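# A closer look at the structure
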Amino acid sequence: MQAQNQDAQEFQLTLVLIKPDALKLSLTGYILSQLSETHTGLRFAAAKIVHVSRRLAEQHYAEHRGKPFYTHLINYIMGKSHYPDLPHRRRVIAIVYSGYDAVNTVRRIAGPTNPHEAREKAPGSIRALGTVVPIKDAEGRLISERLDNLIHASATPEEAEREIKLWFTPTDIMPFMRIYPTDYAQEHYYLSEEGLTTSWRPGCYCVVAAGELVWKSDLEALRLWRQGKPTPISLDAVIAKYLINTEQTPAE
Ligand code: CDP
Ligand code: MG
């Protein structure tokens, strides 16, 4: 389904995450103003407050696994860096914006990844208000930097699709603004301590129920898994969104 009054080729969705540093610094109002509908010409398509699980964090930043800043980045997006002793404050605000050239429009307002570069090259951008935190090894040598840059913004339409499907279910998004294929599940999937299963038993979370509207790509992956075949996307990427704000992470 395409949004009305827009060229189907140019109509895009994009994901914004207002990261834990922005919440801690009380910059959420400022960021939302910078991204307001009048300012950007974009429209809100979906929004939610998320306590980020490790599963979701690792899937979101899968491309950065193995880099020297990766562990720090995961702790950052999970809110552990900014709220080490206050797990109930660890939140991210996840928003989908829709409209003409949405991906580039939001990236431009966000600014360059590194806050120092943002201050230099894009004063007035959101990330120009960010912080650079040195990462040191056991001997105190600088090995990398954690870039606390206040927001995440999808970099390409392909990345936006992967990320939006990771954070949102189809019904989280306004029906007129859903642009990725969906389908109705005809079977149930649960998560137990041992992993994914198709039959419920006490202690299982319901991932997908029969009759539920789901991303077609998720359903295809789940059906391949059920047949014992390899899946084109990781099962964690399928599962994570259905467990948002359900999993307790007391140890984290
Ligand atoms: O977020 P963006 O797409 O602009 O940049 P990225 O290269 O995909 O990196 C993802 C995130 O990792 C950044 O937004 C930073 O918060 C973080 N990062 C970091 O902490 N240290 C680095 N040296 C590079 C990136
Ligand atoms: Mg990126």
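Computed from a predicted structure; not experimentally measured. (Residues numbered from 1 in each chain as written. Chains lettered and ligands numbered in written order. Predicted model: local features only at pLDDT ≥ 70, side-chain atom pairs only at ≥ 80, totals over all residues. Heavy atoms only, no water.)

Turning next to the sheet that holds strand β10 (residues 205–208). Taking strand neighbours across the sheet as the criterion, the three strands line up as β9-β8-β10 in an open arrangement whose pairing is antiparallel. One side of each edge strand has no neighbouring strand; the edge strands of this open sheet are β9 (195–197) and β10. Pairs of neighbouring strands in the sheet enclose a mean axial angle of 35 degrees, with direction left out of account. (Pairing = 2+ DSSP bridges. Helix = DSSP H or I, 4+ residues; strand = E, 2+ residues; numbered from the N terminus. Axes fitted to C-alpha atoms, helices over the stretch in contact; angles between N-to-C directions.)

We describe a pair of aromatic rings using the distance from one ring centre to the other and the angle between the two ring planes. Evaluated as defined, the whole model comprises three aromatic pairs. The cationic tip of Arg146 hangs over the ring face of Tyr76; the distance from NZ or CZ to the ring centre is 5.6 Å. (Phe/Tyr/Trp six-rings, centres within 6.5 Å; stacked < 30°, edge-to-face > 60°. Lys NZ or Arg CZ within 6 Å of the ring centre and 35° of its normal.)

Turning our eyes to something else, we now look at the pairing of strand β5 (residues 142–148). Where strand β4 (residues 131–136) meets β5, six bridges bridge the pair, whose relative direction is antiparallel. Along β5, the bridge assignment pairs Pro134 with Glu145. Taken together, β4 and the strand that follows it, β5, pair antiparallel across an intervening segment of five residues, in which Gly140 is found at a positive phi of about 85 degrees.

To continue, consider the environment of Tyr190. In this fold, Tyr190 is placed in strand β8 (residues 189–192). The spatial distance from the C-alpha of Tyr190 to the C-alpha of Tyr205 is 5.4 Å, given a sequence separation of 15 residues. For Tyr190, the residues in contact, after removing those within four places along its chain, are Gly195, Leu196, Thr197, Thr198, Ser199, Trp200, Cys204, Tyr205, Cys206 and Val207. (Contact = heavy atoms within 4.5 Å.)

Glancing now at the site of ligand 1. In the neighbourhood of ligand 1, 13 residues make up the surrounding shell, with Thr113, Arg127, Glu145, Leu147 and Asn149 lying closest. The contact in question runs from an oxygen atom of ligand 1 to an N or O atom on the side chain of Lys19, over 3.1 Å. Here an oxygen atom of ligand 1 and a side-chain polar atom of Arg107 are 3.0 Å apart. Considered on its own, ligand 1 offers 510 Å² of accessible surface; in the complex 84% of this is hidden by protein. A molecule is said to occupy a pocket when more than half its atoms come within 2 Å of that pocket's grid points, and by this definition ligand 1 occupies the largest pocket. Within the residue set of the shell around ligand 1, elements represented by two or more residues are α5 (70–77) and β5. Looking at which element gives the most residues to the shell around ligand 1, the answer is β5, with three residues. Taken together, the residues that form the shell around ligand 1 break down as five nonpolar, three polar and five charged. (Near = heavy atom within 4 Å. Polar contact = N/O pair within 3.5 Å; in protein donor to acceptor, adjacent residues only side chain to side chain. Areas by Shrake-Rupley, 256 points an atom, 1.4 Å probe, with all protein chains shown as cover. 1 Å grid on protein atoms, 1.4 Å probe; cavity = no way out; pocket = protein on both sides within 12 Å on 5 of 7 lines; lining within 4 Å. Sits in = over half its atoms within 2 Å of the grid points. Nonpolar A, V, L, I, M, F, W, Y, C, P; charged D, E, K, R; others polar.)

Now for the sheet that holds strand β1 (residues 11–18). Taken together, the four strands give an open sheet; going across it, the order is β2-β3-β1-β6, and neighbouring strands pair in antiparallel fashion. Edge positions in the sheet fall to β2 (43–50) and β6 (151–153), since each of these pairs with one other strand and no more. This sheet shows a mean twist of 15 degrees between the axes of neighbouring strands, independent of strand direction. Of the strands in this sheet, β1, β2, β3 (92–100) and β6 are in contact with helix α8 (residues 157–167), which crosses β1 at around 60 degrees.

Any empty space left between atoms is shown by rolling a water-sized probe over those atoms. When its volume is computed, the largest pocket comes out at roughly 340 Å³. Taken together, 21 residues form the lining of the largest pocket, with Lys19, Tyr61, His64, Thr113 and Asn149 sitting closest to its centre. Among the elements of the structure, α5, β5, β6 and α8 are those that each provide at least two residues to the lining of the largest pocket. In terms of residues, the lining of the largest pocket owes the most to one element, β5, which gives four residues. (Points joined across faces, edges and corners; volume = space filled by probe spheres on them.)

Time to look at the side chain of Ser192. Within the fold, Ser192 resides in strand β8. Contact partners of Ser192, with chain neighbours within four places excluded, come to Thr197, Arg201 and Cys204.

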